[in-house]
Amino acid sequence: MSFKNKQELDIALKIACVKKDFRLKKVINLCSVYCVKCEHLECKWWLRAVKVENSDRFYIKKYEKMHTCGSEHLTSHNPHATTKVIGAYFKDRYPEGKGPSTKDLKNSIRIELGCKVSYWKVWMGSEIAKSLVRGTHEHGYGVIDVYSHMLRTSNPGSKTALKIDENGRFKYFFVAYGAWILGFAQMRKVIAVDGTFLRSKYGGVLLSAVAQDAESYFSGGILHSRL
Ligand SMILES: [Zn+2]
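Calculation notes
Residues numbered from 1 in each chain as written. Predicted model: local features only at pLDDT ≥ 70, side-chain atom pairs only at ≥ 80, totals over all residues. Heavy atoms only, no water. Salt bridge = Lys/Arg side-chain N within 4 Å of Asp/Glu carboxyl O. Helix = DSSP H or I, 4+ residues; strand = E, 2+ residues; numbered from the N terminus. Buried < 20%, exposed > 50% of the residue type's maximum accessible area, 1.4 Å probe, protein only. Donors = N, O, S within 2.8 Å, 3.2 Å for Na, K, Ca; no water. Tetrahedral: all angles 85-135°; square planar, octahedral: opposite > 155°, others 65-115°. Pairing = 2+ DSSP bridges. Contact = heavy atoms within 4.5 Å. Axes fitted to C-alpha atoms, helices over the stretch in contact; angles between N-to-C directions. Domains from an automatic or database assignment. Arc of directions from axis to C-beta. Phe/Tyr/Trp six-rings, centres within 6.5 Å; stacked < 30°, edge-to-face > 60°.

Summed over all chains, the structure comprises four salt bridges. Residues Asp 10 and Lys 14 are paired through a salt bridge, measuring 3.0 Å at the closest nitrogen-oxygen approach. Taken together, the residues span about one helical turn, with Asp 10 and Lys 14 both in helix α1 (residues 6–20) at a distance of four residues. Residues Asp 10 and Lys 14 agree in their burial class; the two are buried. The partner of Asp 21 in a salt bridge is Arg 23, with the nearest N and O atoms 2.9 Å apart. Taken individually, Asp 21 and Arg 23 each receive the classification buried, so the pair is uniform in this respect.

Structure (structure tokens):
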């Protein structure tokens, strides 16, 4: 069995451990070799994975199939059930970045992984799952400039404005598509301004200004600003 990289192997092992409620102990953690054993001293279970030459991939070279540590240590609180492991396991439940609520996810963790975790850990796990699907907020803000460029290239006549403060922090981003600008001349002389508070990690406000033409088609612009 092979894995994209060492991190993917590590997560897969931890998910398996959470499901069966065993604990891992890293024995060797080098660039090209990853060796783990069961944390239980007398247990014979171990696994050795090695890196494929000229690639990031790792494959399991040898492992002892059975745990001999018995089940007396089993609890519903497995230390490997970290936010990262929860995020990786449930990432497919968040297509488009939307998925189960924290309460539902908490239930799924209990049913599918057999462990109890705190509300905060569940919430953080869902945030990680979402960021694995659609990228992190930081990455999103980091590529606004590239997005603006692509937008202006593929929608000629579009206007964008990105403002950052003296510390390089995001201040606001404005966008009006070329088609909106072109159509604006035909709009009725009423502009509706609306806004909403963004409740994601970095907050902010989203403002829109729209107008309607005689046939109720819309035109306008959107501004996202930091609070
Ligand atoms: Zn064991």
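Further notes follow.
Ideal geometry at a metal centre gives angles of 109.5 degrees when four donors are arranged tetrahedrally and 90 or 180 degrees when six donors are arranged octahedrally. Distances from the zinc ion to its protein donors, namely Cys 38 (SG), Cys 43 (SG), His 67 (ND1) and Cys 69 (SG), fall within the range 2.2 to 2.3 Å. Each of the four donor atoms bound to the zinc ion contributes to angles spanning 103 to 114°, and the resulting shape is tetrahedral. Each donor residue of the zinc ion belongs to the same chain, with the gaps between them written as C-x4-C-x23-H-x1-C. For the pair Cys 38 and Cys 43, a shared accessibility class is recorded, and that class is buried.

Pairing within the open sheet is antiparallel, and its five strands lie in the order β1-β5-β4-β3-β2. Where the open sheet ends on each side, the last strands, each with one partner, are β1 (2–3) and β2 (24–29). Here strand β4 (residues 46–51) pairs with strand β5 (residues 58–63) via five bridges, running antiparallel. In the strand pairing of β5, Ala 49 is matched with Ile 60. Packed on one face of the sheet, α1 meets β1, β2, β3 (33–38), β4 and β5 and runs near 160° to β2.

With that out of the way, let us pick up the pairing of β5. Here β1 runs beside β5; their pairing, made up of two bridges, is antiparallel. Residue pairing in the sheet places Ser 2 in a bridge with Tyr 59 of β5. What sits between the antiparallel neighbours β4 and β5 is a turn of six residues, in which Asn 54 has the positive phi angle 55°.

Right, let's talk about the domain arrangement of the chain for a bit. Domain parsing of the chain yields domain 1 (1–75), domain 2 (81–135) and domain 3 (140–225). Computed over C-alpha atoms only, the centres of domain 2 and domain 3 are separated by 32 Å.

Turning our eyes to something else, we now look at the pairing of strand β8 (residues 192–197). Sparse coverage of β8 is indicated by the burial of zero of its six residues. Relative to strand β9 (residues 205–212), β8 runs antiparallel, the two sharing six bridges. Each residue of the ladder has a partner; that of Val 193, found in β9, is Ala 209.

Turning our eyes to something else, we now look at helix α6 (residues 144–154). Three or four residues apart is the spacing at which side chains of an α-helix point the same way, because the helix has 3.6 residues per turn. Within the span of α6, buried status applies to Ile 144, Ser 148 and Leu 151. Down the axis of α6, the sector holding all buried residues measures 65°, keeping them to one side. Those residues of α6 that are exposed and angled more than 90 degrees off the buried face are Asp 145, Val 146, Thr 153 and Ser 154. Among the structural elements, α5 (137–142), β6 (159–164) and β7 (170–176) are those in contact with the buried residues of α6.

Time to look at the packing of aromatic side chains. If you walk through the whole model with that rule in mind, you get five aromatic pairs. With a centroid separation of 4.8 Å and an interplanar angle of 80°, the aromatic rings of Tyr 89 and Phe 90 are classed as edge-to-face. Taking relative accessible area as the criterion, Tyr 89 reaches 21% and is therefore assigned partly exposed. Summarising the aromatic geometry, the rings of Tyr 141 and Tyr 202 are spaced 5.8 Å apart at their centres and angled 85° between planes, so their arrangement reads as edge-to-face. A residue pair is termed long-range when its members are at least 10 positions apart, and Tyr 141 in helix α5 and Tyr 202 in the loop between β8 and β9 qualify at 61 residues. Through a chain of ring-to-ring contacts, three or more aromatic side chains come together here, namely Tyr 141, Phe 170 and Tyr 202.

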